[in-house]
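Letter by letter, the chains look like this.
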There are 2 protein chains.
Amino acid sequence: MILYNYFRSSASHRVRIALNIKGLEYEYRPVHLLNNGGEQHGEEYTKLNPSHEVPTLVHKGRAIGQSMAILDYLERIQPTPPLFPQDPYERAVVVQACEIMNSGIQPILNLRVLGELEKRYSADANSKTEWIQHWMKYGLTALETFLQRHAGTYCFGNEVTAADCFLVPQLVSGERFKVPLANYPTLNRVRANCEKLEAFIKASPLRQPDTPPTT
Amino acid sequence: MILYNYFRSSASHRVRIALNIKGLEYEYRPVHLLNNGGEQHGEEYTKLNPSHEVPTLVHKGRAIGQSMAILDYLERIQPTPPLFPQDPYERAVVVQACEIMNSGIQPILNLRVLGELEKRYSADANSKTEWIQHWMKYGLTALETFLQRHAGTYCFGNEVTAADCFLVPQLVSGERFKVPLANYPTLNRVRANCEKLEAFIKASPLRQPDTPPTT
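What counts as what
Residues numbered from 1 in each chain as written. Chains lettered and ligands numbered in written order. Predicted model: local features only at pLDDT ≥ 70, side-chain atom pairs only at ≥ 80, totals over all residues. Heavy atoms only, no water. Contact = heavy atoms within 4.5 Å. Buried area = accessible area lost by both parts, 1.4 Å probe. Salt bridge = Lys/Arg side-chain N within 4 Å of Asp/Glu carboxyl O. Polar contact = N/O pair within 3.5 Å; in protein donor to acceptor, adjacent residues only side chain to side chain. Helix = DSSP H or I, 4+ residues; strand = E, 2+ residues; numbered from the N terminus. Nonpolar A, V, L, I, M, F, W, Y, C, P; charged D, E, K, R; others polar. Buried < 20%, exposed > 50% of the residue type's maximum accessible area, 1.4 Å probe, protein only. 1 Å grid on protein atoms, 1.4 Å probe; cavity = no way out; pocket = protein on both sides within 12 Å on 5 of 7 lines; lining within 4 Å. Points joined across faces, edges and corners; volume = space filled by probe spheres on them. pLDDT = per-residue confidence, 0-100. Axes fitted to C-alpha atoms, helices over the stretch in contact; angles between N-to-C directions. Left-handed = near helix turned anticlockwise from the far one by under 90°. Domains from an automatic or database assignment. Parallel < 35°, antiparallel > 145°, perpendicular 65-115°, else oblique. Phe/Tyr/Trp six-rings, centres within 6.5 Å; stacked < 30°, edge-to-face > 60°. Lys NZ or Arg CZ within 6 Å of the ring centre and 35° of its normal.

> Residue-level account of the interface of chain A and chain B, with values.
Size of an interface: often given as the accessible area lost when the parts come together. Chain A puts 47 residues into the contact, and the matching count from chain B is 47 residues. Between chain A and chain B, a total of about 4600 Å² is buried, with carbon and sulfur atoms accounting for 60% of that surface. Applying the counting rule to chain A against chain B returns two salt bridges. One salt bridge in this structure joins B:Arg91 and A:Asp72, with 2.6 Å as the shortest N-O distance. There are 20 residue pairs in polar contact (both at pLDDT 80 or more) connecting chain A and chain B. Sorting the residues of the side of chain A that touches chain B by element identifies α2 (43-48), β4 (62-65), α3 (67-77), α4 (88-102), α5 (111-121) and α6 (125-148) of chain A as the ones contributing at least two each. Grouping the constituent residues of the side of chain A that touches chain B by class yields 23 nonpolar, 13 polar and 11 charged.

> Could you give an account of the side chain of A:Ser67, naming the residues involved and the relevant values?
Residue and element names in this part refer to chain A. On the secondary structure map, Ser67 appears in helix α3. Accessibility expressed as a relative area gives 3% for Ser67, which makes it buried. Once residues lying within four places of it in the same chain are set aside, the contact partners of Ser67 are Ala11, Arg14, Val15, Asn102 and Phe166.

> Quick rundown of empty space enclosed by the protein? Include the residues and the values.
Summed over all chains, the structure comprises three cavities of 30 Å³ or more. One number sums up the size of the largest cavity: a volume of about 100 Å³. Residue assignment for the lining of the largest cavity shows that the elements contributing at least two residues are α3 and α4 of chain A together with α3 (67-77) and α4 (88-102) of chain B. Of the residues assigned to the lining of the largest cavity, the class counts are six nonpolar, no polar and five charged.

> Which residues make up the confidence of the model for chain A, and what values do they have?
The pLDDT averaged across chain A works out to 96; a share of 100% of its residues lies at or above 70. The ipTM assigned to the predicted complex is 0.97, against a pTM of 0.97.

> Which residues make up the packing of α3(A) against helix α7 (residues 162-176) of chain A, and what are the values?
Angle between the axes and distance between the axes: these two values describe a pair of packed helices. Residue and element names in this part refer to chain A. In the contact formed by α3 and α7, the axes pass within 11 Å of each other and the chain directions differ by 145°. At the point where α3 passes α7, the crossing takes the right-handed sense. Judged by residue contacts, Ser67, Met68 and Leu71 of α3 engage Ala162, Cys165 and Phe166 from α7. Split by residue class, the contact of α3 with α7 holds five nonpolar, one polar and no charged.

> For the domain arrangement of chain A, give the residues involved together with the corresponding values.
Residue and element names in this part refer to chain A. Structurally, chain A comprises domain 1 (2-80) and domain 2 (88-200). Domain 1 and domain 2 are separated by 19 Å when their C-alpha centres are compared. Approximately 1500 Å² of surface area, both sides summed, lies buried where domain 1 meets domain 2, with 64% of it carried by carbon and sulfur atoms. Its largest share of buried area at the contact with domain 2, domain 1 owes to Arg14, Ile17 and Met68, together 39% of the area lost on that side.

> Residues and numbers for the pattern of salt bridges, please.
Applying the stated criterion across every chain, the model contains 22 salt bridges over all chains. Two residues, B:Arg191 and B:Glu175, come together in a salt bridge whose shortest N-O distance is 3.1 Å. Here the residue B:Arg191 occupies a position in helix α8 (residues 185-194), and B:Glu175 occupies one in helix α7 (residues 162-176), the gap between them amounting to 16 residues. Here the salt bridges share partners, and the residues they tie into one network are A:Asp72, A:Arg91, B:Asp72 and B:Arg91.

> Mind laying out the packing of α5(A) against α6(A), listing which residues take part and the relevant values?
Residues and elements named next belong to chain A. The geometry of α5 relative to α6 is characterised by a closest axis approach of 10 Å and an angle of 135° between their N-to-C directions. Regarding the angle of α5 to α6, the classification is oblique. In the crossing of α5 with α6, the sense of the turn from one axis to the other is right-handed. Contacts between α5 and α6 involve Val113, Leu114, Leu117 and Glu118 from the former and Lys128, Trp131 and Ile132 from the latter. Residues that form the contact of α5 with α6 fall into these classes: five nonpolar, no polar and two charged.

> Could you give me a rundown of the packing of aromatic side chains, with the residues and numbers involved?
Tallied over the entire structure, the rule returns 11 aromatic pairs over all chains. Ring centres 4.9 Å apart and planes at 65° place the aromatic pair A:Tyr6 and A:Phe7 in the edge-to-face group. The exposure class of A:Tyr6 is buried, given its relative accessible area of 6%. Classification of A:Phe7 as buried rests on a relative accessible area of 3%. When the centroid spacing of 6.3 Å and the interplanar angle of 35° are considered together, the rings of A:Trp131 and B:Tyr121 count as tilted. Placement of A:Trp131 in helix α6 and of B:Tyr121 in helix α5 (residues 111-121) is noted, with the two residues assigned to different chains. For the residue pair A:Trp131 and B:Tyr121, the accessibility class agrees, reading buried in each case. In this structure, B:Arg91 packs its charged tip against the face of B:Phe84, placed 4.8 Å from the ring centre.

See the structure below:
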């Protein structure tokens, strides 16, 4: 398996955690989102991922983009340990938690959206940070309410699920943009529990082959 | 089953199509996204959906939000006709197509994002329409490239899948915002084939209980 990804991309981070939980070995191929005008826009990479996004997983010569699709695929080819509960409703709870982050938070604050805010509305660095903080707070508030009903040691009960693969990168990203995180006690508790696990430690943006030495 | 939804919401539209394909009866409960400051922000509704979003499906007294989670749930409780292929890679292709719309396009142009553009950057109606058109073009261009490899009669081969439940609402929304759609021959062909099917016809935003007579 080859994972095209970027140390700091939260969608990449999710997939690294999932691969580690599943115990799947992979080759790390960095795609730098800023250098050379963004390597995700290169001709060869765009053949693998027409959305110009990381991550892309290549397995048996076939490319899969979108972190939700990749996690779903990993669950099928390597069912244990599971990332999703078997019961349909419990599974839906986990998917909903993932999507509160996957579609509810992250797309609104990715690099290309920030670029358009600058281009169209002359948004400066402060204004872009406020934009990020606003949407992160909005989504994390919903997630805290939602997970208070479902979380135990982890996002859903006491077993690690896909929701945890999404939560930790989201909070790491929140810290980076100085989002006040104290208001989310459930999320913080779950994060602390996750970060004791080797699968999460190894996947950290601070420890990847393309992490700059100064990070 | 009860579906809290809004005639014009594309995420609601996706779920209506899926329910119709599965042949599942449901009670339609309208949630008006603009009246009364947005009924999705009401106290009772927020208990069902802490993200203040439509749609929400309630089944056996339990609420599920996020269209991807709802479609996944419907697939589990009513496996036929299937909305996802069985093969792991083929399934991933369908999930990726859904996510190109679910996380790649729609979150960036929803009502609350447009509201923030107005509030923070004084974006006027024209500017907001240009924002919508920009992101729709970006995402649909990726989707056209992606589906040229996979589409037949429908998005994935010759059977209807979840990707079709996402595609038709996306293009209906594109038309509404006057996005030039001629550049997407694969998407247009698939849409035309879908719109011959009763499940899609019945789910149209033009035919719902809360559709205004002037629409």
